Amino acid sequence: MLDRVSETGFQPLNKGFDRVFRQGRLSVGLVAPLESYPYGPVPQLERHLERVKLADELGFAAVWLRDVPFNVPSFGDAGQTFDPFTYLGFLSAATTRIALGVASIVLPLRHPAHVAKAAASADVLSGGRLILGVASGDRPEEFPALNLPFENRGARFRDSFDYIREMATDAGSIFNSYGSPGGGMDMLPKPVAGKLPMLITGGSQQAPDWAAAHGDGWMTYPRPFTLQEKVVSDWRSRVLAQGGFDKPVMQPLYVDLAPEPDAPPRPIHLGFRLGVDHLKSYLAVLQEIGVNHVALNLRFNQPDVEDTLKKLADALLAEFPAHETRDR
């Protein structure tokens, strides 16, 4: 255990978490679907399995799914369209090394018993490769569709988070707004390593100190370097004030890979159209300011997806590798 702690710099949690996150280093993952769909909210999901398998073979650290129960017009993105937990089970059987992440499950929309059961199942089926991002939800239209209030989602997020944590323990017992399992009843299966890695997304309607104390890491959003450095530094200060291990930071980035390697960056939605040389330099700065993982989103990418994956792997993964993990 001591060797593993010194090896990663973060508390070792499971194969997926340990593959993606290492202190002082940045790894590269991908956001599903691995497809370009710039002109509408719904992807075609062509060759979706083949592309995830290719990403696994090429050595990307993780593939990230999203929890989008409804195609909400104001949101403008249906994600991978499949239920994330069903898709996690499907991908776990078709891949071997790549971490399987969710960015993120909207906790107030689901009962935490179902989340805990589904997440632990996906973790076991994948051999401990699940990373569970969690969020409070930012699409108000979804809540009345499920006859749920939007206003108190922060409190329900905390109760759900605590419930999921407790269900990973042996015969866990808890009493909160979601119920009171007890009396020796137990939820099975248990996560492979005894705990699900749970990353807080954005603010999730929580005080920053609560997120730093309870989350196993933080998912934030792209910002200019100076501001991102300040935000990451603030997160780390709050984490260290709690004592114990450091905790990682990750962010997404939309990329449209230009054919010329030296093509300069041009802003697109939450990212850039740019050559791979400039992308490599951009990631190096993020690594320097403390970001530990970047999930690339190819929704607005113009070149062929398979070619793009291979070019990204060739140019980036030697410098920003996934971290090989020992059997747990």
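Per chain, residue numbering runs from 1 following the sequence as it is written. Reporting in this predicted model follows two pLDDT cut-offs: at least 70 for local features of residues, and 80 or more for side-chain atom pairs to be given and counted; totals over whole chains, interfaces and linings ignore these cut-offs and use all residues. Note: side-chain values were computed over all heavy atoms of the structure, leaving out hydrogens and water.

Here is the rule: rings of Phe, Tyr and Trp (six-membered ring for Trp) pair when centre to centre is within 6.5 Å. Planes less than 30 degrees apart are stacked, more than 60 are edge-to-face, and the remainder are tilted. For the structure on display, the rule yields eleven aromatic pairs. Each ring, one from F143 and one from F150, has its centre 5.0 Å from the other, and the planes form 75 degrees; the classification is edge-to-face. When the ring of F161 is compared with that of W210, the centres are 5.3 Å apart and the planes differ by 70 degrees; the resulting orientation is edge-to-face. Linking F161 in helix α7 (residues 153-167) with W210 in helix α8 (residues 208-214), this pair joins segments that are 49 residues apart in sequence. Like F161, the residue W210 is buried in the burial classification. Each helix is a run of DSSP H or I of at least 4 residues and each strand a run of E of at least 2, with the numbering of both proceeding from the N terminus. Residue burial is assigned from relative accessible area. The probe radius is 1.4 Å, only protein chains are included, and a residue is buried under 20% of its type maximum, exposed over 50%, and partly exposed in between.

To continue, consider helix α10 (residues 276-288). The terminal C-alpha atoms of α10, which comprises 13 residues, lie 18 Å apart, in line with the 18 Å expected from a rise of 1.5 Å per residue. Listed in full, the buried residues belonging to α10 are V276, L279, Y282, L283, L286 and Q287. For α10, the buried positions fall inside an angular range of 140 degrees around the axis, keeping them on one side. Whether two residues are in contact is decided by their heavy atoms, any of which lying within 4.5 Å being enough. Contacts from the buried residues of α10 go to β1 (27-31), α9 (225-241), β7 (249-257), β9 (271-274), β10 (293-297) and α11 (305-316). Phi turns positive, to about 110 degrees, at G290, one or two residues after α10. Multiplying 1.5 Å by the helix residue count minus one yields the expected span of that helix. Of all possible arcs, the one meant is that of the directions from the helix axis to the C-beta atoms.

This brings us to the packing of helix α5 (residues 112-125) against α7. Between α5 and α7, the least distance of the axes is 9 Å, while the angle of their chain directions is 45 degrees. Between α5 and α7, the crossing angle belongs to the class labelled oblique. Both α5 and α7 take part in a crossing whose hand is right-handed. Residues P112, A113, V115 and A116 of α5 form the contact with α7, whose participating residues are S160, Y163, I164 and M167. As a working rule, the residues Ala, Val, Leu, Ile, Met, Phe, Trp, Tyr, Cys and Pro are called nonpolar, Asp, Glu, Lys and Arg charged, and the rest polar, with Gly in that last group. Its residues placed into classes, the contact of α5 with α7 shows seven nonpolar, one polar and no charged. Every angle, taken between N-to-C directions, lies between 0 and 180 degrees, and every axis is a line fitted to C-alpha atoms, over only the stretch in contact when it is a helix. An angle below 35 degrees is treated as roughly parallel, one above 145 as roughly antiparallel, one from 65 to 115 as roughly perpendicular, and anything else as oblique. The crossing is said to be left-handed when, going from far helix to near helix, the turn is anticlockwise and less than a right angle, and right-handed when the turn is clockwise.

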